[in-house]
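The residues making up each chain are set out below.
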Amino acid sequence: MEARPPVRPELLNKDALEKAREALKEKARDSAEKKKGDPGSGRRKASDERDRDKAGRERREAGGDRRGDGKDGRDRDTREERRIGRPHRTIEDIQRLRRQRVEGDRTIIEEPDSRMIVREKGQTFIRHDEEERFRRRFRDARTERLRDGGRRTIFAGPGGVEIITEYDSHDRLLRRYRRYRDGRIVVLIDNRRHYKPSVAGLIIGALLDLPPPVVRIPREKYIVEYEHASYEDIYEALSAPPLEELERDYSLDEVRYNYGLRARMRRVELNTINFDLGSWEVTPDQYPKLERIARAINQLLERNPDEIFLIEGHTDAVGPDDLNLTLSDRRAEEVAAILSEEFGVPPENLVTQGYGEQFLKIDTQEPERANRRVVVLRITPLLSRAGP
């Protein structure tokens, strides 16, 4: 785990603390007396609450819960309360609540929020429930059980649009699509022809022997450093085709778990987003830094609404690899959630994956902020697509 400096408790002056408590009590008594003398205060408060509720309904009916310019959409305080109120806020919480089991030659570490770390045949990967992020965005959801043992989840989005994801009996994502009120369907992810019902492997079936591509463009065009890049640089990197021609199309898991495949796409490194040691939290003062990347993604989605973007999370090399995996996975998820909640990027067009300390930007075993980062790339050209 990325190390954190120890916290030293502050020493409190008992006399000063007692005086402060008395002052608070006196203030509360004065406030209560004023309310008693003002019979209209309760009615005004109720009226204010009704006005706020009405304004919220009007915003949702007019434009859904999406937020394109940072000024409309859901109330910021509500979003912050929901994020802060999530039960597992530190890496220590996660570590304490883990459960481990062994299935043959496979070791599985389960975490309390539907994350799973898998060790198999010398490889270690993390899997998570993408729908945890959807639930932060969409309030109306339901699950249907399928005859073959799989399931289908349906999230109701703005304007009557439904986001539908189908899973097989091994809980592998088969297909995700967007269904509009008029019945029109836009397929986002389709893995159906890559999975065989009789094969239940979690990861190994997705591994490929694929070397990285030969990069013939300048490095600053291949990996765009967000801090000093122009909007045009960001848009160009996210919209560019693969560096090399592909032999075929691939499943989402093949993209997630094969660097040689992902390396065929240009990417944007969000080096302006800083993470503290051992933390995945993005503080609110950093949200505006994501405006340009969100604007580029939304512009690409206006052109093609079925684009898929991968948000990668990374850590430095301090601590156990399994803790760094979950830390990086949560960093990617947090940035994706902010892109959706603050800037209106549809969550169904984003996928996330943590890679821990596997891909260090600076080769050091010491704490290094530059290695604690998030990277964004468009993976649409790599993915299988099929009709409804």
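The structure under discussion appears in the preceding block.
Residues numbered from 1 in each chain as written. Predicted model: local features only at pLDDT ≥ 70, side-chain atom pairs only at ≥ 80, totals over all residues. Heavy atoms only, no water.

Engineer: Now, about the pattern of salt bridges: what can you tell me, with residues and values included?
Structural biologist: Side chains that carry opposite charge are capable of pairing whenever their charged atoms lie near each other. Evaluated as defined, the whole model comprises 49 salt bridges. For arginine 178, the salt bridge goes to glutamate 348, with nearest N and O atoms at 3.1 Å. Note that arginine 178 is positioned in strand β8 (residues 173-179) and glutamate 348 in the loop between α11 (321-343) and β13 (350-354), a separation of 170 residues in sequence. The salt bridge partner of arginine 184 is aspartate 182, with a shortest N-O separation of 4.0 Å. (Salt bridge = Lys/Arg side-chain N within 4 Å of Asp/Glu carboxyl O. Helix = DSSP H or I, 4+ residues; strand = E, 2+ residues; numbered from the N terminus.)

Engineer: Pulling in residues and values, what's your account of the layout of surface pockets?
Structural biologist: Taken as a whole, the largest pocket encloses approximately 490 Å³ of empty space. Along its surface, the largest pocket is lined by 27 residues, and Arg127, His128, Asp129, Tyr167 and Asp171 are the ones closest to its centre. Mapped by element, the contributors of at least two residues to the lining of the largest pocket are β1 (99-103), β2 (106-110), β4 (123-127), β8 and α8 (252-256). When residues of the lining of the largest pocket are assigned to their parent elements, the largest contribution, three residues, is made by α8. Its residues placed into classes, the lining of the largest pocket shows ten nonpolar, five polar and twelve charged. (1 Å grid on protein atoms, 1.4 Å probe; cavity = no way out; pocket = protein on both sides within 12 Å on 5 of 7 lines; lining within 4 Å. Points joined across faces, edges and corners; volume = space filled by probe spheres on them. Nonpolar A, V, L, I, M, F, W, Y, C, P; charged D, E, K, R; others polar.)

Engineer: Just give me the short version of the packing of aromatic side chains, but keep the residues and values in it.
Structural biologist: Under the definition given, this model contains seven aromatic pairs. On the numbers, 6.5 Å between centres and 90° between planes, the contact of phenylalanine 134 with phenylalanine 138 is edge-to-face. Take phenylalanine 134 and phenylalanine 138: they sit in the same class, and that class is buried. Ring plane angle 75° and centroid distance 5.6 Å describe the contact between phenylalanine 134 and phenylalanine 155, whose orientation is recorded as edge-to-face. Pair noted here: phenylalanine 134 is in helix α5 (residues 131-135) and phenylalanine 155 is in strand β6 (residues 151-156), with a separation of 21 residues, a long-range link. For the pair phenylalanine 134 and phenylalanine 155, a shared accessibility class is recorded, and that class is buried. An aromatic cluster is defined as three or more aromatic residues linked by ring pairs; in this entry it consists of Phe134, Phe138 and Phe155. The cationic tip of arginine 151 hangs over the ring face of tyrosine 167; the distance from NZ or CZ to the ring centre is 4.0 Å. Between arginine 295 and the ring centre of tyrosine 231, over which it is positioned, the NZ or CZ distance is 4.2 Å. (Phe/Tyr/Trp six-rings, centres within 6.5 Å; stacked < 30°, edge-to-face > 60°. Buried < 20%, exposed > 50% of the residue type's maximum accessible area, 1.4 Å probe, protein only. Lys NZ or Arg CZ within 6 Å of the ring centre and 35° of its normal.)

What is shown is where atoms sit, not what they do.
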